[in-house]
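Commentary on secondary and tertiary structure
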Amino acid sequence: LIGVYTNRHGERWELQLKGSGKTPYSRNGDGRAVLRSSVREFLCSEAMHSLGIPTSRAASLVVSDDDVWRDQFYNGNIKKERGAIVLRLAKSWFRIGSLEILTHSGELDLLRRLLDFIIQEHFPSIAMNDSNRYLEFFSTVVSETANLIALWMSVGFAHGVCNTDNFSLLSITIDYGPFGFMDSYDPNFVPNTSDDERRYKIGNQASVGLFNLSKLLQALKPLLDTRQKQLASQILEGYGEHYYSRFTELFKTKLGLLGENENDNFLIAFLLKVSFLC
């Protein structure tokens, strides 16, 4: 993260470099990116924006003279590739994992301060003096995450690595690593060649979203009282209804279906199955 930029419309964007080298959080990685993956991230994030799907944006791509060694297909065949750096933008880069790690390490004062900062900066509809602000925050993230994944499904987009570190607290698409678009419907479609167990296949995305939101609730629980924890659990239970309602709405629009009909969901499921079988 290299800074915050305010454009001429008064919008604030956090600027981040991907592929610029090691940081204190690189673990055993080299912090670099190769040209092919950088081009894919640049093009896909801008395509998703044009499709009306909340996403990070790409501002520039610079090719590096440095060589980067990668095992592209995870088969032991390491090759030298051209490096590159993407300058990408988002209103915030905070993720579910940003809160998880603080709760896990017992840094609850910092957790509260960070949550208050995120709410104040990015959730203007939530009053900072509201004792239920963390509950309101959780409710918003649940509904917006359901909306985001329904939008992914409506264009056949599979993220590829749907862990809590890749799920934005602002419910935008971030971290375009292994990803893909289906050519035809296949619930078992996996764009990640290293995902041997098909954990993040496209048919699992909604369920993985629920799992990640349950991890977010676990991270928030130390800041909630007994009543708020019960209400938060009820909010989480409503995730499926949010998702299927938005999913149905999007596919009805694609099919040009008007009004309400009890057979709409059957028709959508039937057409997807026909696409799969073809």
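Computed from a predicted structure; not experimentally measured.

1. Quick look at the overall build of the protein
For the protein, the count of helices and strands is eight helices and six strands. For 278 residues, the compact-globule estimate of 2.2 N^0.38 gives 19 Å, and the C-alpha radius of gyration of the protein, at 20 Å, lies within 12% of that figure. Split into buried and exposed, the 278 residues of the protein put 42% on the buried side. In the protein, the share of contacts with a sequence separation of at least 24, taken over all contacts with a separation of at least 6, comes to 60%. Of the roughly 15500 Å² of accessible surface on the protein, 51% is carried by carbon and sulfur atoms. Taking the 30 positively charged and 32 negatively charged side chains of the protein as two groups, their mean positions are separated by 4 Å.

2. Let's talk about the pattern of salt bridges
All told, the structure shown has 16 salt bridges when counted by the stated rule. With a closest N to O distance of 3.6 Å, aspartate 65 and arginine 82 form a salt bridge. Taken together, the residues aspartate 65 in strand β3 (residues 57-70) and arginine 82 in strand β4 (residues 79-90) connect sequence positions 17 residues apart. Taking relative accessible area as the criterion, aspartate 65 reaches 68% and is therefore assigned exposed. Using a relative accessible area of 42% as the deciding quantity, one classes arginine 82 as partly exposed. For glutamate 197, the salt bridge is made with arginine 199, and the minimal N-O distance between the two is 3.7 Å. On the accessibility criterion, glutamate 197 (66% relative accessible area) is exposed. On the accessibility criterion, arginine 199 (49% relative accessible area) is partly exposed. One network of salt bridges, in which partners are shared, links Lys18, Glu41, Arg88, Arg95 and Asp175.

3. Section: the domain arrangement of the protein
Considered domain by domain, the protein is made up of domain 1 (3-90) and domain 2 (96-254). Computed over C-alpha atoms only, the centres of domain 1 and domain 2 are separated by 22 Å. On the domain 2 side, the residues contacting the 18 residues of domain 1 number 17 residues. Between domain 1 and domain 2 the total buried area reaches about 1400 Å² when both faces are included, carbon and sulfur atoms providing 62% of it.

4. Observations regarding the sheet that holds strand β1 (residues 3-6)
By definition, the strands of a sheet pair up through backbone hydrogen bonds, in either a parallel or an antiparallel sense. Taking strand neighbours across the sheet as the criterion, the four strands line up as β1-β2-β4-β3 in an open arrangement whose pairing is antiparallel. Edge strands, defined here as strands with exactly one partner in the open sheet, are β1 and β3. In this sheet, neighbouring strand axes are inclined to one another by 25° on average, regardless of whether the strands run parallel or antiparallel. Where helix α1 (residues 35-50) meets the sheet, it contacts β2 (12-18), β3 and β4, and its direction lies at approximately 165° from that of β3.

5. Thoughts on the environment of phenylalanine 123
Relative to the assigned elements, phenylalanine 123 resides in the loop between α3 (108-122) and α4 (133-154). Using a relative accessible area of 8% as the deciding quantity, one classes phenylalanine 123 as buried. Separated by 13 residues in the primary sequence, phenylalanine 123 and glutamate 136 have C-alpha atoms spaced 9.6 Å apart. Among residues more than four places away in sequence, those in contact with phenylalanine 123 are Ile118, Phe137, Thr140, Val141, Leu169 and Leu170.

6. Concerning the state of the cysteines
For the structure on display, the rule yields zero disulfides. With no disulfide partner, cysteine 44 has as its closest neighbouring cysteine sulfur the one in cysteine 162, 13 Å distant.

7. Considerations on the side chain of serine 154
Along the chain, the position of serine 154 falls in helix α4. A polar contact of 2.7 Å, which involves the side chain of serine 154, links it to the backbone oxygen of leucine 151.

8. Things to note about a nonpolar patch on the surface
There is a patch of nonpolar side chains on the surface, built from Leu255, Phe266, Leu267, Phe270, Leu271 and Val274 and spanning about 520 Å² of accessible area. For the nonpolar patch, the element with the most residues is helix α8 (residues 264-277), which contributes five residues. If you trace the backbone, valine 274 turns up in helix α8. The class of valine 274 is partly exposed, set by a relative accessible area of 33%.

Criteria and cut-off values
- Residues numbered from 1 in each chain as written.
- Predicted model: local features only at pLDDT ≥ 70, side-chain atom pairs only at ≥ 80, totals over all residues.
- Heavy atoms only, no water.
- Helix = DSSP H or I, 4+ residues; strand = E, 2+ residues; numbered from the N terminus.
- Rg over C-alpha atoms; globule rule 2.2 N^0.38 Å.
- Buried < 20%, exposed > 50% of the residue type's maximum accessible area, 1.4 Å probe, protein only.
- Contact = heavy atoms within 4.5 Å.
- Areas by Shrake-Rupley, 256 points an atom, 1.4 Å probe, with all protein chains shown as cover.
- Lys, Arg positive; Asp, Glu negative; His and termini not counted.
- Charge placed at Lys NZ, Arg CZ, Asp CG, Glu CD.
- Salt bridge = Lys/Arg side-chain N within 4 Å of Asp/Glu carboxyl O.
- Domains from an automatic or database assignment.
- Buried area = accessible area lost by both parts, 1.4 Å probe.
- Pairing = 2+ DSSP bridges.
- Axes fitted to C-alpha atoms, helices over the stretch in contact; angles between N-to-C directions.
- Disulfide = S-S within 2.5 Å.
- Polar contact = N/O pair within 3.5 Å; in protein donor to acceptor, adjacent residues only side chain to side chain.
- Patch = residues over 30% accessible without salt bridge, like charges linked within 9 Å, V, L, I, M, F, W, Y side chains within 5 Å.

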